[in-house]
Amino acid sequence: MARILVVDDSASMRQMVAFTLKGAGHETIEASDGVEALTSAKTGRFDLVITDVNMPNMDGITLTKELRSLPNYRFTPILTLTTESSAEKKMAGKQAGATGWLVKPFNPDQLLATAKKVLG
Amino acid sequence: MSIDMSQFHEAFFEESFEGLGIMESELLTLDVGAGDVEIINTIFRAAHSIKGGAGTFGFMNVSEFTHVMETLLDEMRDGSRDVTQFAVDSLLESVDVLRTMLESARDDAEMDEDMVAARYAVLNGILKGSLEGASSNEAEESVVQAVEGDNSNGKVGWQITFIPHTDLLMAGNDPVRMFRALSEFGELTSVVDCSSLQPFTELVPEDLYLSWVLTLTGTAAKADIEEVFEWVEDDCDLTITPLPKLEPSQNTPTVVAEPALETIQSAAVSPVKKVLEESPVSSNAAAQKAAVKPKKTTESASIRVGIDKVDEIINLVGELVITQSMLDQAGEDLEVNAEAASMGGDSQSQKRNADILLRLSKGLAQLERNTRELQDGVMRIRMLPISFVFSRMPRLVHDLSAKLDKKIELLVSGEETELDKTVMENIGDPLVHLVRNALDHGIETPDVRLAAGKPEVGTLNLNAYHQGGNVIIEIKDDGAGINKQKVRAKAIEKGVISETDNLTDSEINHLIFAPGFSTAEVVSDVSGRGVGMDVVKTSINKLGGRVVVESEEGKGSVFTIRLPLTLAILDGQLVTVGKESYVIPLIAIIESLQVDRSQINAVAGKAEVYKLRDEYIPIIRARAVFGLEENNADLHDSLMVVVEVDGAPVGIIVDDLQGQQQVVIKSLETNYRKVETMSGATILGDGTVALIWDVNGMVNVHKKKLNNGVIKA
């Protein structure tokens, strides 16, 4: 199955996302902020990146921009996790190059459905 | 798949409480008037995480409440709202409410709905105006959605014209996946328009030149379809029109179909079903894990450990393994050499033997060092910086100085000093009490201070540091100090001491720790009703610690708390009574001495006392407490260990004194049952079990036996 990078500064959210994805047979690597995620992304290949937006050190929007500038991640699906349902925030992610978004709160089923949407 | 979300609750609560701590401390540093955006951002982020987590893990009330706080913070952040003292205070109080809500959620306890509602009202009051606009917008949106939903009901299908922009693929979206999602709603047919496909030489492989007309039959709502295209709505031209009833075939696409149409169509759509069939998600592992329900824990059962501490332990274990193999080798060599020697020893083999023995003793020394370091390393896992407790103080000082109309500066140092987690959890309340006390009774109001020639702003110093095997915490104020005349008079009035008692200054100062003692002229709601200081002392004693006070009238007071680093290991004095060895906690022992028969007095009707220098101390015979026969009734040349019990020395007679050593405490209660005279057990170097004395319990049992006439005076 897919190799997925899960980025969130909240350990509980990260664990939930990773656990859910693992339950669906995916392999997950966790990172607690954008900087850490970028390092992991550079040293490994991922089929999907799921990232929180609000994070210390490097936020999800910047991470998305940085990833898109890497040759290996030009077309990799990137999903942002956002609590703000306002169009503005979603668009910020889109403009940075994110594939799509998932609005918090979400349940494991919604997460899997969304992941399926980009992984097939 | 269903996942038991409660397995993440513990982590969620832990990080939420941490987030609340951050919000609190940052709110306190926030300057009214000119709010630092970075600080507001940090507070916002903490609130935001709590909200997101709470929503996800099903604590909707927490999520909703945090949302209101977040809205307020968001407006502060973008500058549309001023950072007022009122707003900051409100947010601080909201943090408290939020903490209570989270605690109730964690403990499955009833929540004070009124308190939450009241806080809601205040926050909404602040938000009023801007919030009204937002809510009406939301309402409008939901009305629109409802209308659209109605329109789509009962329709048999949709025609979707999907003309992607050439860069649609750039963000990782893929039309195939979208079509696949659509095909889940019903039967999907697609017609591809390849007319804008570039000649091969000019074709950019990353661009998308195709567009589609899709026909979807089924009961899907328009919103469902829009959701599929949600992420690309700005990257394509999309029209979704309802199909006329039952006539999908009539509705042929208006685009020009190229000859290649059929093949591309099947290529694009046919794999869809295949992949879908193959993709049932295996959720067995998750389901199995979810079936094991984690038990509810009210006390924090987990601990966060810095990765450096774990690495250090791994490193130490590595060294231990090296030592082990070194000893192993030496042992083997010794064996081989012994064999060789038995064949006819020569000076050569003797020399070799000496070499090996040297290596062996080196190895043992190394093993000892490894063990000690490993012990320290493992102990450090339980250690947390004292900032966990100190971080509560700025808020306390902030709130209290406002309440008391005093100007107080709080200076904190040594926050990084580490302390056992259990000790930490139990020292918080006593510390808060001492700080409250210093603010309430210690530091004077600005006018009194000015009149006394002191700076208007009082200073409270909190300091922590390590000393030997202990942690020292100092609470120092530059206030009025303890009024000795007043304390003495009060103590006489309360019957704590008698009029004729001659007390040193230090003894007078320590009277404030006597039960039920309070010198405050007015009972205030800040420091409570004079039940405080003795409780503080008792709690600290329970942790195996001590508290002392030094005070100079007019200059201020210093409370010094001395705590053991950990509750898991104890420095003990080994003693023998009868056939058994026992451990007396070293922290309780004042001195040990040989009894001089002439100094013993048997007070009629009371117990024996011993004249130790200038004071008389009660004698307790350990043999009598344990119901053993006396072996030296007149106590001549007996050994006596003088321990401190409730601030007073007591002499305990033991048979023999052995060495002092560190022992690891094992609980008696979990392995056996509570024994009044013992606080635990330990295993000694030779493998025997020794019980650890609870000297308070010893005294209690002694008194009981005395009263029942079991021990004759």
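Residues numbered from 1 in each chain as written. Chains lettered and ligands numbered in written order. Predicted model: local features only at pLDDT ≥ 70, side-chain atom pairs only at ≥ 80, totals over all residues.

## Describing the nonpolar core
Move 1: Core analysis: the biggest nonpolar cluster contains 71 residues, and A:Leu5, A:Val49, A:Ile50 and B:Val62 have the highest contact counts within it.
Move 2: Sorting elements by how many residues they give to this core places helix α4 (residues 85-107) of chain B first, with eight residues.
Move 3: Counting 37 residues, the second-largest nonpolar core is a separate cluster that includes B:Met383, B:Ile508, B:Phe513 and B:Met533. (Core = buried A, V, L, I, M, F, W, Y, C linked by C-beta atoms within 7 Å. Buried ≥ 20, exposed ≤ 12 C-beta atoms within 10 Å, placed from the backbone. Helix = DSSP H or I, 4+ residues; strand = E, 2+ residues; numbered from the N terminus.)

## Some points on the interface of chain A and chain B
Move 1: With 32 residues of chain A at the interface, the matching set in chain B holds 30 residues.
Move 2: For the side of chain A that touches chain B, the element with the most residues is helix α1 (residues 11-23) of chain A, which contributes eight residues.
Move 3: Classifying every residue of the side of chain A that touches chain B gives 14 nonpolar, 13 polar and five charged. (Contact = placed C-beta atoms within 7 Å. Nonpolar A, V, L, I, M, F, W, Y, C, P; charged D, E, K, R; others polar.)

## Regarding the confidence of the model for chain B
All names here are of chain B.
Move 1: Mean pLDDT over chain B: 79, with 84% of residues reaching 70 or higher.
Move 2: A low-confidence stretch, residues 130-155 stays under pLDDT 50, and its non-local contacts, those more than four residues away or across chains, total 10 contacts.
Move 3: pLDDT under 50 marks residues 521-531. Its contacts with residues more than four places away, or in other chains, come to 19 contacts. (pLDDT = per-residue confidence, 0-100.)

## Digging into the sheet that holds strand β14 (residues 589-594) of chain B
Residue and element names in this part refer to chain B.
Move 1: Here we have six strands laid out as an open sheet, ordered β14-β18-β19-β17-β16-β15, and mixed in their pairing. Sheet topology places β14 and β15 (600-602) at the edges, where each strand pairs with a single neighbour. Taken pair by pair, the neighbouring strands of this sheet meet at an average axis angle of 35 degrees, ignoring direction.
Move 2: Taken together, the seven bridges between strand β18 (residues 639-645) and strand β19 (residues 648-654) define a ladder with antiparallel strand orientation. (Pairing = 2+ DSSP bridges. Axes fitted to C-alpha atoms, helices over the stretch in contact; angles between N-to-C directions.)

## Regarding unusual backbone geometry
Move 1: For the bond running from A:Lys104 to A:Pro105, omega is -5 degrees, close enough to zero to count as cis.
Move 2: Take A:Pro105: it is sitting in the loop between β5 (100-103) and α5 (108-119).
Move 3: A positive phi angle, close to 65 degrees, is found at A:Asn57, a residue other than glycine.
Move 4: Mapped onto the elements, A:Asn57 comes out in the loop between β3 (48-52) and α3 (60-68).
Move 5: Residue A:Asn57 is classed as partly exposed on the basis of its 13 C-beta neighbours within 10 Å.
Move 6: A positive phi angle is found at B:Asp637, which is not glycine, with a value near 65 degrees.
Move 7: Inspection of the secondary structure puts B:Asp637 in the loop between α20 (622-625) and β18.
Move 8: With 10 C-beta atoms counted inside 10 Å, the residue B:Asp637 sits in the exposed group.

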